[in-house]
Amino acid sequence: MKYKAFLILILFFPLGCIRNPATRKVHPRLLSPQAEKKIGIETKKKILEQYQVLNSTTVTNYVSQVGQRLASVCDRPTVDYDFTVLDNDLINAFAVPGGYVFVTRGLLESMNDESELAMVLGHEIAHIAALHGVQMIQKEMGQNALTILGTIGVALTMGPEAMLMVANTADLFSSLYMLGYSREKELESDNLGLQYMLRAGYDPQGSLRFLKTLQAMDSEESKGWDLYFRTHPSTDQRIRIIESMIGRPLPDFKPPIEDSYAVIKAQLPKVDQDKQGSISGLTYTNTFHEVHFHVPSNWNLDFVHSQALVSFRTLDGDGDGRLQVVDLSSMTITAENVAYKFSKISDFQFINGRDVLYQAGYGYLGRYYGISSSGKLLDIRLFATIRRGKGYVLLCGVPPEKADSYALDIEQILRALWFG
């Protein structure tokens, strides 16, 4: 009987009201730390089913090192924090309950120094330290379900019902985090993240530099900031609040941390400059790949996508596309294989596809729905072909409601690619 009473005490002691370790506010804690961790593990698995991890140990270790420095001085330092870099053009960062933080390659490419990275990582760590994810789950689930779920982590065994409940909750959070935290929670995380930066020895002005970069790009959705803005308060408001907190920069201030961000940023994957090719008006030429390509007069060519040979977009910003080389493997021996691999990595939703013969040769043409670098839903046409042992993908997308009006443009673009 004593053992049974002791077990009941262990199971239910973690639940109830707590004083938040970061904000010092009192609120319900119906989800135990152990259950929070298990939900985080399952949520990470689901995220990695959608996004590819950046294949660079150097970059990943660097981000983790900066993150761990901040985590060690946060308000929940005993959490086992885990940092992952996603190989994606989208500019985004987010945190998952249990200590899991994700940043995209696109975000790293948009930063200029380590203190800016520390601002973002400190902000995401703050979401975890302040139990924002836990509170989000508690708000969406009933108290009875959470009381059961909260005991899972400290139970002696996990039966199939318990495992299913953890998985379902991970599904729930995977959907919720895309909606973002409330503006109040985001400002709270700005405040806490700034404190963590200062404790870790980073220049607090880095937070302002990053936010002013956001501010400058606020109206330029084509640069890819839309997804990041959508879940955060007004940049002007964030800048005003942080300026009031840190005051003016000290002229002789030198952060004690050596900044090696430029070295790390140079290691992010990108097309070799010698193999980039050149743009002349509406025409792109690449002698290394023996590729020629042009776009209609209402489109512009550029080199915005770091992993693409060339990218292009409509003058009004509605259309978006790029030409990219894809490494072949034993699993990509046909054009359809190439299209399948590329669409999976890019998290495109397949609609239909067929084999085609264009000026570039035989290939596979697929239709997909996907998210652009600016976070917009696009109706995408993707042409994949194999030439001289390399895979090539030419894709072009426009908003679904404008697909008919851009149909001729897209067909011209797909037929404009040729090799020789």
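Attention here is on the structure that accompanies the text.

About the criteria used
Residues numbered from 1 in each chain as written. Predicted model: local features only at pLDDT ≥ 70, side-chain atom pairs only at ≥ 80, totals over all residues. Heavy atoms only, no water. Helix = DSSP H or I, 4+ residues; strand = E, 2+ residues; numbered from the N terminus. Buried < 20%, exposed > 50% of the residue type's maximum accessible area, 1.4 Å probe, protein only. Contact = heavy atoms within 4.5 Å. Pairing = 2+ DSSP bridges. Core = buried A, V, L, I, M, F, W, Y, C linked by side-chain atoms within 4.5 Å. Axes fitted to C-alpha atoms, helices over the stretch in contact; angles between N-to-C directions.

From N to C terminus, the chain includes 15 helices and 16 strands. By the burial criterion, 52% of the 420 residues in the chain qualify as buried. By sequence separation, contacts in the chain at least 24 residues apart represent 61% of the contacts at least 6 residues apart.

Of note in the backbone geometry, Arg24 takes a positive phi value of approximately 70 degrees without being a glycine. By the element assignment, Arg24 lies in the loop between β1 (16-19) and β2 (26-29). Here Arg24 falls in the partly exposed class, since its relative accessible area comes to 49%. One non-glycine residue, Glu290, adopts positive backbone phi at about 55 degrees. Within the fold, Glu290 resides in the loop between β7 (283-286) and β8 (291-294).

All right, on to the environment of Ile351 then. Structurally, Ile351 is set in strand β12 (residues 349-358). Classification of Ile351 by relative accessible area gives partly exposed; the value is 31%. For the pair Ile351 and Tyr369, spaced 18 residues apart in sequence, the C-alpha separation works out to 7.3 Å. In contact with Ile351, other than residues within four places in its own chain, are Arg367, Tyr368 and Tyr369.

Moving on to the pairing of strand β13 (residues 361-371). With nine bridges joining them, β12 and β13 adopt antiparallel strand pairing. Within the sheet, the bridge partner assigned to Gly353 lies in β13 and is Gly366. The turn linking β12 back onto β13 is made up of two residues. Both β13 and strand β14 (residues 377-387) contribute to a ladder of eight bridges, which runs antiparallel. Counted as the bridge partner of Gly370 is Leu378 from β14.

In this section: the nonpolar core. Ranked by size, the top nonpolar core spans 47 residues in total, and within it Val63, Leu70, Tyr81, Leu108, Leu117, Leu121 and Tyr196 carry the most contacts. The greatest single-element share of this core, amounting to nine residues, is contributed by helix α5 (residues 114-129). Filtering out sequence-adjacent residues up to four positions away, Leu108 remains in contact with Val59, Val63, Val85, Val103, Leu117, Tyr261, Lys265 and Leu268. Judged by nonpolar contacts, the second largest core, of 28 residues, contains Val271, Tyr358, Ala360 and Phe419.

We now examine the sheet that holds strand β9 (residues 299-302). A sheet is described by the order of its strands in space; here seven strands give the open sequence β9-β10-β11-β15-β14-β13-β12, paired in antiparallel fashion. At either margin of the open sheet sits one strand with a lone partner, and together these are β9 and β12. Pairs of neighbouring strands in the sheet enclose a mean axial angle of 20 degrees, with direction left out of account. Pairing analysis gives four bridges linking β9 to strand β10 (residues 310-314), with the strands arranged antiparallel. By the bridge assignment for β10, Asp302 is matched with Ser311. Sheet strands touched by helix α14 (residues 335-345): β11 (320-326), β13, β14 and β15 (390-398). Its angle to β14, the strand with the most contacts, is close to 140 degrees. Each of β9, β10, β12, β13, β14 and β15 touches helix α15 (residues 407-416); the most contacted strand, β15, lies at about 165 degrees to it.

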